[in-house]
Amino acid sequence: MPAVGIAPTGAPDKAYPGNLTPYVTITCIVAAMGGLIFGYDIGISGGVTSMDPFLLKFFPSVYRKKHADTSTNQYCQYDSETLTMFTSSLYLAALLSSIVAATVTRKFGRKLSMFFGGVLFCVGAILNGFAKAVWMLIVGRMLLGFGIGFANQSVPLYLSEMAPYKYRGALNIGFQLSITIGILIAQVLNYFFAKIKGGWGWRLSLGGAMVPALIITIGSLVLPDTPNSMIERGQRDEAREKLKRIRGVDDVDEEFNDLVVASEASQLVENPWRNLLKRKYRPHLSMAILIPFFQQLTGINVIMFYAPVLFNTIGFGSNASLMSAVITGVVNVGATMVSIYGVDKWGRRFLFLQGGTQMLICQAVVTAAIAAKFGVSGDPGNLPKWYAIVVVLFICIYVAGFAWSWGPLGWLVPSEIFPLEIRSAAQSVNVSVNMLFTFAVAQAFLTMLCHLKFGLFIFFAFFVLVMTIFVYIFLPETKGIPIEEMGRVWKSHWYWSRFVTEEYNGEVEMPKGGALKNV
């Protein structure tokens, strides 16, 4: 029996047979590589913007403020609208492309969306690597954004549909693991490229994005399509054979029939976007909006985008700040491994709540440390070594908390809760909200740091508290429930059941905390 308060994984009548076959494992690993492009970009942009030759060429006012004007408040030395537009233009483009990607993913399959994502990202990387003017940088960033919008829309769906339900959490988190590996690789490359004599290392950093782009482009050509997508496009016989190969068993009738029923229901939906607004999809729409909204307001992207800039601002030297960013990148990858191990054992809610509490404590400590040394003047004087170590240590503990909770689960939970008839549209809402608030945070961060000073960390800590309470009250446990049977978690939830009115035969009840129990 499972732990108290959690339902058995999948109702007995819906325990689909199937194994974690080498075929599906390799397929999911290749697909998860789609996260590399997103991670590489997050890691590269912050490092490049702390490289002096890059600033001197494209953002001379920031360079002058950083070096010539010693009176500049440390909090404000990177405050430049053009610099933030360089970073955040990508996320606006990703928002727009994820809406287009919904139609491509639904009508032509998940693979084509991944392919488009890889090609667009590759073109953007080439343009950035050869950039001669700011407009080339920003157009290149927008092409990268279009690529990320397609990849982030299709890869989490692909992974959730391919994975056996008992291992769906671990395989889906492969996407987040790829993001963290992409961030780490970018940070290591930044550290070494910044040392290149002649000051052209930033071109290698930006152009290097071609490598992850080629991986996902080639990968999308060799991957099989998901049975769900094949059924949705009328290829039922091929889908049955594909399902047998994926599951490693011949007895797939029950799962196949459920997929067909879900597909037939989805075919009746003429406009999935309008359908999303129906009352019975209120829980799904709420999660598609609130989970990515909260994920961005943990403050993690501030740490990851601008880790080198942030550490430089806190008073570390340029090379030391890049090295500190590499350390946080290693922690990020390691903690994501913890999530892969535990998500299907401990459940989604446990990781959300534990990670949220850990992040809240760390933000309080970092706020106090920065306030004590920098105050509101932004002049820390000489920073002792022990102080720098304490700040980096608590930022690392904070990153670990995020990397085994809101990081992977912010992509996993939305991708597994949507019924087929609204899945592509709802995932686009999820990606769009994610990119909208990533854009807003990236665009506003440097200005907010300049004006709110250490209060910026209090701002994010408030949202971490709110999101942890939200998960405790409103998010049901989705561990071990087949993706096409996910409706029952809403029908048995103390709050969401009022919106999902259709009767569910399984006798389960969900208390206010959100965990299923037998009755």
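Keep in mind the model is a prediction, meaning the values are calculated, not measured.

In terms of helices and strands, the chain carries 23 helices and two strands. Counted over contacts in the chain with a minimum sequence separation of 6, partners at least 24 positions apart contribute 81%. Summed over its atoms, the accessible surface of the chain is roughly 19200 Å², and 67% of this surface lies on carbon and sulfur atoms.

On the secondary structure map, Pro 482 appears in the loop between α22 (455–474) and α23 (487–491). In this structure Pro 482 comes out as buried when scored by relative accessible area, which is 1%. Along the chain, Pro 482 and Ile 417 lie 65 residues apart, while their C-alpha atoms are 9.8 Å from each other.

What follows covers the pattern of salt bridges. Summed over all chains, the structure comprises 13 salt bridges. As a salt-bridge pair, Arg 106 and Glu 232 come within 3.8 Å of each other at their nearest N and O atoms. Taken as a pair, Arg 106 in helix α5 (residues 81–108) and Glu 232 in helix α11 (residues 227–232) lie far apart in primary sequence, 126 residues in all. Residues Arg 110 and Glu 232 are paired through a salt bridge, measuring 3.5 Å at the closest nitrogen-oxygen approach. Here Arg 110, found in helix α6 (residues 110–129), pairs with Glu 232, found in helix α11; they are 122 residues apart in sequence, far enough to count as distant. By relative accessible area, which is 0% here, Arg 110 ends up buried. Bridged by salt links that share partners, the residues Arg 106, Arg 110, Glu 161, Glu 232 and Arg 423 form one connected network.

Of all hydrophobic cores here, the largest spans 118 residues; its most connected members are Phe 54, Phe 59 and Trp 406. Looking at which element gives the most residues to this core, the answer is helix α21 (residues 420–452), with 12 residues. Look past the residues within four positions of Trp 406 in its chain and what remains in contact with it is Ile 291, Phe 294, Gln 295, Thr 298, Phe 352, Met 359, Met 467 and Val 471. By size, the runner-up hydrophobic cluster in this structure holds eight residues, among which are Ile 231, Ala 239, Leu 243 and Phe 256.

Once that is clear, we can look at a nonpolar patch on the surface. A cluster of nonpolar side chains, Ile 126, Phe 130, Met 210, Leu 214 and Ile 218, forms an exposed patch at the surface whose accessible area comes to about 470 Å². With three residues, helix α10 (residues 210–222) is the single largest residue contributor to the nonpolar patch. Assignment of secondary structure puts Ile 126 in helix α6.

Helix length check: α10 (13 residues) gives 19 Å between terminal C-alpha atoms against 18 Å at 1.5 Å per residue, within 8%. Tucked into the core, α10 has its buried residues touching α1 (22–32), α2 (34–48) and α6.

The description of an aromatic ring pair rests on the distance of the ring centres and on the angle between the ring planes. Counted under the stated rule, the structure contains 31 aromatic pairs. Pairing Phe 116 with Phe 150 gives two aromatic rings, centres 5.7 Å apart and planes at 80°, and the pair type is edge-to-face. Of this pair, Phe 116 sits in helix α6 while Phe 150 sits in helix α7 (residues 134–162), and the two are 34 residues apart along the sequence. Residue Phe 116 is classed as partly exposed on the basis of its relative accessible area of 33%. Relative to Phe 350, the ring of Trp 346 has its centre 6.1 Å away and its plane inclined at 70°; by these criteria the two rings are edge-to-face. Looking at Phe 350, the relative accessible area reads 45%, which means it is partly exposed. Over the face of the ring belonging to Phe 58 we find Lys 57, whose NZ or CZ atom lies 5.7 Å from the ring centre. Sitting above the plane of the Tyr 191 ring, Lys 195 keeps its charged end 4.7 Å from the centroid.

Taken N-terminus to C-terminus, the directions of helix α15 (residues 282–296) and helix α20 (residues 406–417) make an angle of 165°; their axes are 10 Å apart at the nearest point. Comparing the axis directions of α15 and α20 gives the class roughly antiparallel. Judged by the sense of rotation from one axis to the other, the crossing of α15 with α20 is left-handed. On the side of α15, the interface is formed by His 284, Met 287, Ile 291, Phe 294 and Gln 295, while α20 contributes Trp 406, Gly 407, Gly 410, Trp 411, Val 413, Pro 414 and Ile 417. Across the contact of α15 with α20, the residue classes tally to eight nonpolar, four polar and no charged.

Here the chain averages 83 in pLDDT, and 87% of its residues register 70 or above. Per-element confidence in the chain is highest for α6, whose mean pLDDT is 94, and lowest for strand β1 (residues 508–509), whose mean pLDDT is 39. Counting interchain partners and residues more than four positions distant, the pLDDT-below-50 stretch residues 503–512 has 25 contacts. Here residues 515–519 is a poorly scored stretch, pLDDT under 50, and it has 23 contacts once near neighbours within four places are set aside; other chains count.

If you want to describe how two helices pack, look at the angle between their axes and the distance between the axes. Two elements in contact, helix α12 (residues 236–247) and helix α13 (residues 253–267), have axes separated by 10 Å at closest approach and are oriented at 135°. In terms of axis orientation, α12 runs oblique to α13. When you trace α12 past α13, the crossing you get is right-handed. Between α12 and α13, the contacting residues are Arg 236, Ala 239, Arg 240, Leu 243 and Arg 247 on the first element and Asp 253, Glu 255, Phe 256, Leu 259, Val 260 and Glu 264 on the second. Split by residue class, the contact of α12 with α13 holds five nonpolar, no polar and six charged.

Let us now look at α6. The terminal C-alpha atoms of α6, which comprises 20 residues, lie 29 Å apart, in line with the 28 Å expected from a rise of 1.5 Å per residue. Along α6, the residues that are buried comprise Arg 110, Ser 113, Met 114, Gly 117, Gly 118, Phe 121, Cys 122, Gly 124, Ala 125, Asn 128 and Gly 129.

Positionally, Gly 334 belongs in helix α17 (residues 318–346). On the basis of relative accessibility, which here comes to 36%, the residue Gly 334 falls in the partly exposed class. Measuring from C-alpha to C-alpha, the distance between Gly 334 and Leu 177 comes to 9.0 Å, with 157 residues separating the pair along the chain.

Criteria and cut-off values
Residues numbered from 1 in each chain as written. Predicted model: local features only at pLDDT ≥ 70, side-chain atom pairs only at ≥ 80, totals over all residues. Heavy atoms only, no water. Helix = DSSP H or I, 4+ residues; strand = E, 2+ residues; numbered from the N terminus. Contact = heavy atoms within 4.5 Å. Areas by Shrake-Rupley, 256 points an atom, 1.4 Å probe, with all protein chains shown as cover. Buried < 20%, exposed > 50% of the residue type's maximum accessible area, 1.4 Å probe, protein only. Salt bridge = Lys/Arg side-chain N within 4 Å of Asp/Glu carboxyl O. Core = buried A, V, L, I, M, F, W, Y, C linked by side-chain atoms within 4.5 Å. Patch = residues over 30% accessible without salt bridge, like charges linked within 9 Å, V, L, I, M, F, W, Y side chains within 5 Å. Expected span 1.5 Å × (residues − 1). Phe/Tyr/Trp six-rings, centres within 6.5 Å; stacked < 30°, edge-to-face > 60°. Lys NZ or Arg CZ within 6 Å of the ring centre and 35° of its normal. Axes fitted to C-alpha atoms, helices over the stretch in contact; angles between N-to-C directions. Parallel < 35°, antiparallel > 145°, perpendicular 65-115°, else oblique. Left-handed = near helix turned anticlockwise from the far one by under 90°. Nonpolar A, V, L, I, M, F, W, Y, C, P; charged D, E, K, R; others polar. pLDDT = per-residue confidence, 0-100.

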